[in-house]
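The residues making up each chain are set out below.
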Amino acid sequence: MAGQIETRLKELGIDLPKASAPAGSYVPFVITGNQVFISGQGPVGPNGLEYIGKVGADHTAEDAAKSARLTALNVIAQLKEACGGDLDRVTRIVKLTGFVNCTPDFDQHPTVINGASDLLVEIFGDKGRHARSAVGMMSLPFQMTTEIEAVVEIA
């Protein structure tokens, strides 16, 4: 029997990607007490990184919001692994930190990271509402457009 979150994903037509292996000397998530700390994830799709380059030069804020949405799917994939496959264990998305690879004059970081925030609320409802930071970076690993890390409370 599918859980509530799995059912919601199906209703939204969302297939979660496979959780990615770390790209360096770290683990994809750490569980301590009832919290999961998810390492930074990128916009990885079926063919690898799908959004590369700088927002404000190579991508618009609206296009980069799609990158953030895909990045959030990768966060959820790691979260599913951390929850032993049961996303109904999520009691609250506590905090997101969103990084935007952008030009020095770009200032619409919140618009970009809304792509992730909105998706989490679509999937988890009120449990998906979270505190957040959205900041610009001169570069991100592999020139990806967005990177997001998260703190999540679980049962």
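Thresholds, definitions, all that
- Residues numbered from 1 in each chain as written.
- Predicted model: local features only at pLDDT ≥ 70, side-chain atom pairs only at ≥ 80, totals over all residues.
- Heavy atoms only, no water.
- Pairing = 2+ DSSP bridges.
- Helix = DSSP H or I, 4+ residues; strand = E, 2+ residues; numbered from the N terminus.
- Axes fitted to C-alpha atoms, helices over the stretch in contact; angles between N-to-C directions.
- Contact = heavy atoms within 4.5 Å.
- Buried < 20%, exposed > 50% of the residue type's maximum accessible area, 1.4 Å probe, protein only.
- Arc of directions from axis to C-beta.

## A closer look at the sheet that holds strand β6 (residues 131–137)
Alright, step 1. With respect to topology, five strands assemble into an open sheet ordered β1-β2-β7-β5-β6, the strand pairing being mixed. With partners counted over all chains shown, the strands left at the sheet margins are β1 (29–32) and β6, one partner each. In this sheet, adjacent strand axes meet at a mean angle of 15 degrees when their direction is disregarded.
Alright, step 2. When strand β5 (residues 90–101) meets strand β7 (residues 146–154), the two strands line up antiparallel, connected through nine bridges. In the strand pairing of β7, Val100 is matched with Thr146.
Alright, step 3. Along the sheet, helix α2 (residues 61–82) contacts β1, β2 (35–41), β5 and β7; its crossing angle with β7, the most-contacted strand, is approximately 40 degrees.

## Describing helix α1 (residues 4–11)
Alright, step 1. Those residues of α1 lying buried are Ile5, Glu6 and Leu9. Along α1, the residues classed as buried sweep out an arc of 100 degrees about the axis, all on the same side. Exposed positions of α1 whose direction lies more than 90 degrees from the buried face are Gln4, Lys10 and Glu11.
Alright, step 2. Buried residues along α1 sit in contact with α2 and α3 (109–124).
Alright, step 3. Gly13 occupies a position one or two residues after α1 and carries a positive phi of about 70 degrees.

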